[in-house]
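Each chain, written out:
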Amino acid sequence: MQWDVVVVGASFAGVACALAARRAGLRVCVLERKRDPGIKLHTTGILVREAVRTGVLGRIPEALVHRVSDVRLYAPNLHSTRLSSPGYHFLTTDTPNLMRWLAGVLVDSGAELRLMQSFTDARAIDGGWRVDGLGTTRWLVGADGAKSRVATRAGLPPVRDFLYGVEHEFNGATLGEDALHCFISRRFAPGYIGWAARNPVGVQVGLAFRHRPDRRGVPDIDGFLHHVGLVLGLDPKRRPDATRAGLIPCGGPVAPLSAPSVILTGDAAGIVSPLTAGGIHSAWRHGEAVGNAIAAHLVQGAASPETAAERAAPRYRLKRLLRHAFDQWQMDWTFNVLI
């Protein structure tokens, strides 16, 4: 079968790209290796306010989101300060069911979603790609995560700089203060932070560190929970109901992120803030820009979409500098004094 666009990965970026292409009437197929889009997640599912002002994310059912207005920032000694901005808020989510809802929106749009179908290989042909087990496509979009197979097959550069994160979810739990709790600690989270927040089904608690060859193992989230449990009003001995873990890009977008008839987006392209590791909003915007650019090219005869995809990628210049500084000079005593 011949497709206009094949998107690999039913992630936020992949769904945004597919929906944009479908709005222009293109024939779109999305490959997702999981049997259920809501399992084996790597994302925290925390949305900034800007992400949900308009469009599809603005229509998320209320039962799937929880509004959080304040941030409480903790020094390594657990002294803290409350941060807030009038009118600003975050949305935590029931992430598994949010991803299932997005998959439903995708199917309702007329795109074909093929669950339990991995991208195994493809070869370039005149005017596109022949994808194993699928057929031909005029454009191939890799939204398949930080270890993108599409990038490897297309000869595009891989994401090289990562955080490694682990998050526990405690169904039915509550926190003493309904805020996004952020913990700075070189002991538990060198190069990043720990966090905790209420969501629609309970509480999520996570921890991440800068991933590099000289740092072995995984984040000590059990030790972290014992360290902060009383502050949060959370029993540190309680076992989690679900755990998610994975690599989080933190080096900024790869360059180039496109080649003839193939474009990367989302984590596959490194579209994640190097400092905060927030990626949903920027990934959605970039995925949508990629889908729109492909549609404009195929339907209206606009210029090749590779240039548009490159221009739409955020550069994060200041955040990359701050990431370097945090990697090199993170000191607990500094934050103990400041907070």
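Coordinates for the structure precede this section.
So, here's what we can say about the structure. (Residues numbered from 1 in each chain as written. Predicted model: local features only at pLDDT ≥ 70, side-chain atom pairs only at ≥ 80, totals over all residues. Heavy atoms only, no water.)

### Some words on the packing of aromatic side chains
Put simply, the rule reads: Any pair of Phe, Tyr and Trp rings, taking the six-membered ring for Trp, is counted once the centres come within 6.5 Å. Such a pair is stacked with planes under 30 degrees apart, edge-to-face with planes over 60 apart, and tilted for the rest.
By the definition in use, this model includes seven aromatic pairs. Measuring from ring centre to ring centre gives 6.3 Å for phenylalanine 326 and phenylalanine 335, while their planes differ by 85°; the resulting arrangement is edge-to-face. Here the aromatic residues Tyr74, Phe183, Phe188 and Phe224 are joined through ring pairs into a cluster of three or more.

### Focus on the nonpolar core
A general tendency of soluble globular proteins is for nonpolar side chains to be buried together. For clarity, the cut-off: Put simply, a nonpolar core is a bunch of buried Ala, Val, Leu, Ile, Met, Phe, Trp, Tyr and Cys residues held in one set by side-chain atoms that sit within 4.5 Å of each other. With a 1.4 Å probe rolled over the protein chains alone, any residue whose accessible area is under 20% of its type maximum counts as buried; one over 50% counts as exposed, and the rest are partly exposed. By the criteria applied, helices consist of DSSP H or I runs no shorter than four residues and strands consist of E runs no shorter than two, each listed in order from the N terminus. Contacts are assigned to residue pairs with any non-hydrogen atoms lying within 4.5 Å of each other.
Among the nonpolar cores identified, the biggest contains 69 residues, and Leu102, Leu140, Leu257, Leu264, Trp284 and Ile294 are the most heavily contacted of them. Per-element accounting of this core gives the leading share, seven residues, to helix α1 (residues 12–23). Residues within four places of tryptophan 284 in sequence aside, it is in contact with Phe12, Val15, Ala16, Leu19, Val56, Leu57 and Leu102. Within the second largest apolar cluster, 18 residues are counted, among which are Tyr74, Ala173, Phe183 and Val203.

### Side note on the sheet that holds strand β14 (residues 193–199)
Which entries qualify depends on this criterion: Here, strands pair whenever DSSP counts at least two bridges between them. Fitting a line to C-alpha atoms yields each axis, with helices limited to the stretch in contact; the angle taken between N-to-C directions then spans 0 to 180 degrees.
Taking strand neighbours across the sheet as the criterion, the seven strands line up as β6-β5-β13-β14-β15-β12-β16 in an open arrangement whose pairing is mixed. On the outer flanks of this sheet lie β6 (80–83) and β16 (242–249), each paired with one strand and no other. Averaged over all adjacent pairs, the angle separating strand axes in this sheet is 20°, with direction ignored. Bridging between strand β13 (residues 180–184) and β14 involves four bridges; their strand directions are antiparallel. Within the sheet, the bridge partner assigned to histidine 181 lies in β14 and is alanine 196.

### Some thoughts on the side chain of threonine 265
For the record, the criterion: N or O atoms closer than or at 3.5 Å make up a polar contact, with two conditions inside protein: a donor-capable atom paired with an acceptor-capable one, and, for residues adjacent in sequence, both atoms drawn from side chains.
With respect to the secondary-structure elements, threonine 265 resides in the loop between β18 (262–264) and α5 (280–300). Among the polar contacts made by the side chain of threonine 265, one reaches the side chain of histidine 286 at a distance of 2.8 Å. Side-chain polar atoms of threonine 265 contact the backbone nitrogen of glycine 287, separated by 3.4 Å. Filtering out sequence-adjacent residues up to four positions away, threonine 265 remains in contact with Ala13, Val141, Gly142, Ala143, Ala283, His286 and Gly287.

### Some words on the sheet that holds strand β7 (residues 90–93)
One open sheet accounts for three strands, arranged β3-β7-β4; its pairing is antiparallel. Each edge of the open sheet is held by one strand with a lone partner, namely β3 (47–48) and β4 (65–68). Strand direction decides the pairing type here: β3 and β7, joined by two bridges, are antiparallel. Looking across to β7, one finds that valine 48 is bridged to phenylalanine 90.

So, to be careful, I would describe these as geometric facts and stop short of saying anything about function.
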